[in-house]
Amino acid sequence: MAVRRSIVGIDSPVALREALVAAQYLADDTLATAAYLGLALGKPLLLEGAPGVGKTEAAKALGAVLGREVIRLQCFEGIESSAAMYEWNYPRQMLAIRQAGNEYVNIYGDEFLLTRPMLAALRAPSSTVLLIDEIDRSDHEFEAFLLEFLSDFTISIPETGTVRAAEQPVVVLTSNRTRDLHEALRRRCVYHWIDYPDPALEARIVMMRASSVAEATANAVVAAVGRLRAEPLAKPPGVAETVEWAEAATLLNAQGAQWPAAFRRAIGVALKDHDDLQFIDPRLDQIIPGEAAA
Amino acid sequence: MTTPRPLEPFLQFATILRRHGFAVAPDQTSDFIAAVGLLGPGDMTDIYRAGLATFAIPHERRDEYDALFRAVFLGQAVAAPVASDDDDEVMAYDPTGVEQDVTAGDDESEVGGEAAVAERLSHRAFAEPDADLTLQRFRKAAPAALPRRRSQRRRTSRKGDTIDMGRTLRRALKSDGEVFDLAMRKRKTRQRRIVLLIDVSGSMEARSEPSIRLAHALAQSADSFEAFTLGTRLTRITRALRTRNERQALADVGGLVADFDGGTRLGDALQAFLSVPRFSGFARGAAVVVLSDGLERGSPGALVDAVTRLSRQAWRIDWLSPIATGDDFAPRTEALRAVRPYLASLSDGSSLQAICDHILNLRSAA
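Cut-offs applied
- Residues numbered from 1 in each chain as written.
- Chains lettered and ligands numbered in written order.
- Predicted model: local features only at pLDDT ≥ 70, side-chain atom pairs only at ≥ 80, totals over all residues.
- Helix = DSSP H or I, 4+ residues; strand = E, 2+ residues; numbered from the N terminus.
- Buried ≥ 20, exposed ≤ 12 C-beta atoms within 10 Å, placed from the backbone.
- Contact = placed C-beta atoms within 7 Å.
- Axes fitted to C-alpha atoms, helices over the stretch in contact; angles between N-to-C directions.
- Left-handed = near helix turned anticlockwise from the far one by under 90°.
- Nonpolar A, V, L, I, M, F, W, Y, C, P; charged D, E, K, R; others polar.
- Core = buried A, V, L, I, M, F, W, Y, C linked by C-beta atoms within 7 Å.
- Pairing = 2+ DSSP bridges.
- Arc of directions from axis to C-beta.
- Expected span 1.5 Å × (residues − 1).
- Right-handed = clockwise from strand over helix to strand, strands pointing away.

## Remarks on the overall build of chain A
Check the secondary structure of chain A and you find 14 helices and nine strands. Its C-alpha atoms give chain A principal-axis dimensions of roughly 80 × 45 × 35 Å. Going through the 294 residues of chain A one by one, you find that 44% of them count as buried. In chain A, once contacts between residues fewer than 6 apart in sequence are set aside, the share between residues at least 24 apart is 75%.

## Examining the overall build of chain B
Regarding its fold elements, chain B presents 16 helices and ten strands. Put simply, of all contacts in chain B between residues at least 6 apart along the chain, 76% involve residues at least 24 apart.

## Some thoughts on the packing of helix α2 (residues 26-39) of chain B against helix α3 (residues 44-54) of chain B
Residue and element names in this part refer to chain B. Taken N-terminus to C-terminus, the directions of α2 and α3 make an angle of 145°; their axes are 9 Å apart at the nearest point. Of the two possible hands of crossing, α2 and α3 adopt the one that is right-handed. Of the residues in α3, those touching α2 at Gln28, Asp31, Phe32, Ala35, Val36 and Leu39 are Asp46, Ile47, Ala50, Gly51, Ala53 and Thr54. Considering only residue class, the contact of α2 with α3 consists of seven nonpolar, three polar and two charged.

## Digging into the nonpolar core
With 105 residues, the main nonpolar core has Leu37, Met118 and Val206 of chain A as its most contacted residues. No other element matches the nine residues that helix α2 (residues 29-41) of chain A contributes to this core. With residues up to four places along the chain from it excluded, the contact list for valine 206 of chain A reads Val213, Ala218, Val221, Val222, Thr242, Val243 and Ala246 of chain A. Counting residues in each nonpolar core, the second largest holds 65 residues, with Phe138, Ile212, Leu214 and Ile359 of chain B among its members.

## A look at the sheet that holds strand β3 (residues 162-163) of chain B
Residues and elements named next belong to chain B. Spatially, three strands are ordered β2-β4-β3 in an open sheet, and the strand pairing comes out antiparallel. Either end of the sheet is taken by a strand with one partner, and the two such strands are β2 (148-156) and β3. Relative to strand β4 (residues 184-191), β3 runs antiparallel, the two being bridged by two bridges. Residue pairing for β4: isoleucine 163 is matched across the bridge by methionine 184.

## Some remarks on unusual backbone geometry
In this structure, glutamate 134 of chain A is a non-glycine residue whose phi angle is positive, near 55°. Structurally, glutamate 134 of chain A can be placed in the loop between β5 (128-133) and α7 (140-152). Its identity as a non-glycine residue notwithstanding, alanine 56 of chain B has a phi of 50°, on the positive side. Topologically, alanine 56 of chain B is positioned in the loop between α3 and α4 (62-73).

## Some remarks on the interface of chain B and chain A
Listed per partner, the contact involves 32 residues of chain B and 35 residues of chain A. Within the residue set of the side of chain B that touches chain A, elements represented by two or more residues are α2, α3, β2, α7 (165-173), α11 (266-275) and α12 (277-283) of chain B. Considering every element that reaches the side of chain B that touches chain A, the biggest residue donor is α2 of chain B, with six residues. Across the side of chain B that touches chain A, the residue classes break down as 16 nonpolar, eleven polar and five charged.

## Overview of helix α15 (residues 352-360) of chain B
What α15 of chain B keeps buried is the set Leu352, Ile355, Cys356 and Ile359 of chain B. One side of α15 of chain B holds all its buried residues, which, seen down the axis, span an arc of 100°.

## Details of the sheet that holds strand β1 (residues 45-48) of chain A
All names here are of chain A. In space, the five strands of this open sheet follow the order β2-β5-β8-β1-β9, with parallel pairing throughout. Since the sheet does not close on itself, it has two edges, and those belong to β2 (69-74) and β9 (190-193), each with one partner. Neighbouring strand axes in the sheet, compared pairwise and without regard to direction, differ in orientation by 20° on average. The sheet contact formed by β1 and strand β8 (residues 170-175) spans four bridges and is parallel. For leucine 45, the partnering residue across the bridge sits in β8 and is valine 172.

## Looking at helix α13 (residues 300-313) of chain B
If you check α13 of chain B, its first and last C-alpha atoms are 20 Å apart, about what 14 residues at 1.5 Å a residue would give, namely 20 Å. Looking at α13 of chain B, one finds that the buried residues are Pro300, Ala302, Leu303, Val304, Asp305, Ala306, Val307, Arg309 and Leu310 of chain B. Residues of α13 of chain B that are buried sit in contact with α13 (274-280) of chain A together with α11, α12, β8 (287-291), β9 (316-321) and α14 (334-339) of chain B.

## Structural notes on the environment of alanine 246 of chain A
All names here are of chain A. When you line up the elements, alanine 246 lands in helix α11 (residues 239-254). Assessed through the 32 C-beta atoms surrounding it within 10 Å, alanine 246 is described here as buried. Each C-alpha atom, one on alanine 246 and one on threonine 217, is 6.8 Å from the other, the two residues being 29 residues apart in sequence.

## Focus: the environment of leucine 41 of chain A
Residue and element names in this part refer to chain A. As for its position among the elements, leucine 41 is in helix α2. For leucine 41, a count of 23 C-beta atoms within 10 Å gives the class buried. Sequence spacing of leucine 41 and valine 3 is 38 residues, and the spatial spacing of their C-alpha atoms is 4.9 Å.

## What about the packing of α2 of chain A against α3 of chain B?
The contact between α2 of chain A and α3 of chain B brings their axes to 9 Å, and the two run at 60°. Like other packed secondary-structure pairs, α2 of chain A and α3 of chain B cross with a definite hand, here right-handed. Each of Thr30, Thr33, Ala34 and Leu37 of chain A in α2 of chain A lies in contact with α3 of chain B, whose residues at this interface are Arg49, Ala50, Leu52, Ala53 and Thr54 of chain B. Classifying every residue of the contact of α2 of chain A with α3 of chain B by side-chain character gives five nonpolar, three polar and one charged.

## Structural notes on the pairing of strand β6 (residues 225-230) of chain B
Residues and elements named next belong to chain B. Taking burial as the measure, the six residues of β6 include six buried ones, the bulk of the element. Both faces of β6 are covered, namely the face carrying Phe225, Ala227 and Thr229 and the face carrying Glu226, Phe228 and Leu230. As paired elements, strand β5 (residues 194-199) and β6 share six bridges and run parallel to each other. Residue pairing for β6: isoleucine 198 is matched across the bridge by threonine 229. In terms of handedness, the path from β5 via helix α8 (residues 205-221) over to β6 forms a crossover that is right-handed. Connecting β6 to the antiparallel partner strand β7 (residues 233-236) that follows it, the hairpin turn spans two residues.

This is the structure in structure tokens:
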């Protein structure tokens, strides 16, 4: 097992957390620890959590900290190796055969290979972060297919041979947990469950993300979102929704809307489900931050 | 080989986690020890976090992990309710921890006079099986008969709709790059998810055992399936049903479901189902089958609201009621009358045979 104690000067969870803050991402200690261990042990980092808690953002921030390009592979049902690893450029191969006539032509050269995210990350492991986003959307076949990649970091192309990573690539997987992932996949990863941040942290996130928002507004919005999350909603608002709500209300306020009304009018960016809105409507006044008259 | 003394508590911790039903692989243990070394460890929280990350502890079992951690490293007594030395009990425990309390209203005398008022939390012993043959036939027929939907995956087929370029090229190579026939691909189909919602309240007492047996048969034969019991609580029993042995699975379910033969708060239980995003996601595009008499003790409003929302997510909802015998059955309870427009069918659920037939015909009835 190749243990790297330090990567680009990051030698402890605390150092990583501070670097993430510099990259505009506020992580708690547990996430910083898990991410650091992932880097140090050379294992993929598996982030699970409700939609909108900042899983993808964490991966992007990690890329920024390491000074690497983030290559994103968005999963979907039925995703196949041709979309995830590589594909041959068949029309070009066909043309090459036709043009060659009686000459010999190698149609399995590099110029005929279309690299997809996983192969691209494998070929440049020291300058990329591979983000395998929403793995729970893919099906079991793809999950099983990922196992080999995640433990050995190799891709075998039958026509040319096996591509091996020169060093352990940094891989981040995210899951919204719409289904349980296979135990074998979890086992290969360092795991972290991202929860909704506590109110103080969330208020800091709001102000960091949306510079126009005043502190009192941020605190009020975070309190209101906390009350919303306590309700049995089909789609509780995530961190992204909190930021947008604060931003939208601030904008409406700047255009002349009074405070509680500005929040009420902007509720559409926080709750995006008609049933939820109807359910919450009678009690909206108790939830809406009235005190944010700053 | 003997292990170095300082490592012992860490190895012991891994063993204890394993004994409590966590899946811990040997390389996870070595990762854990490496991680502790990397972190210093400065204090106990370092060890705690290293374990959390490297053992991939599922979020719902965090409390259990906390208790075991305290027991091993801080020497405290294990106070967690699930921490037991009996392996069987851990097996019966649903690690997704979904037993959700549905808050009960205290309106005592409204609709559904027959529904039991008392919330009796009783464990139920399952009687000996007697409908073996029906279930056997059902299991045999189910894989081919369950409803299907189009998948995003494609496979080679003569009557396909898109060209399989790789295969076409390989065929053309045999004829010096001349394309004589195109290889085609078409979309595969997969089984549509079936979500079975079983009413286990007092008024359905006689039906709950065959219903759970049916759920077990479905869990064993369907590719994609979820089962929940509805009573005064909502309990996900899918995981317990995956056990192949029927007797064992039924015993596990019996241990899991705390509200057999209690009162009915269908509406509240369904609301709880919809308000857990993970659960309501199961219903999206699924064939939802409700086994219930619809005798609602709570307010009909909650039930109607829940079924309305469910109908927008599900492919279809079929309500099988044991009192709905005969073709001219008209629902008499207020709640069932109100939800009727949202149901694909409201039909006979009085016998196991009838329920099996209905589920096997879901595809053609669509």
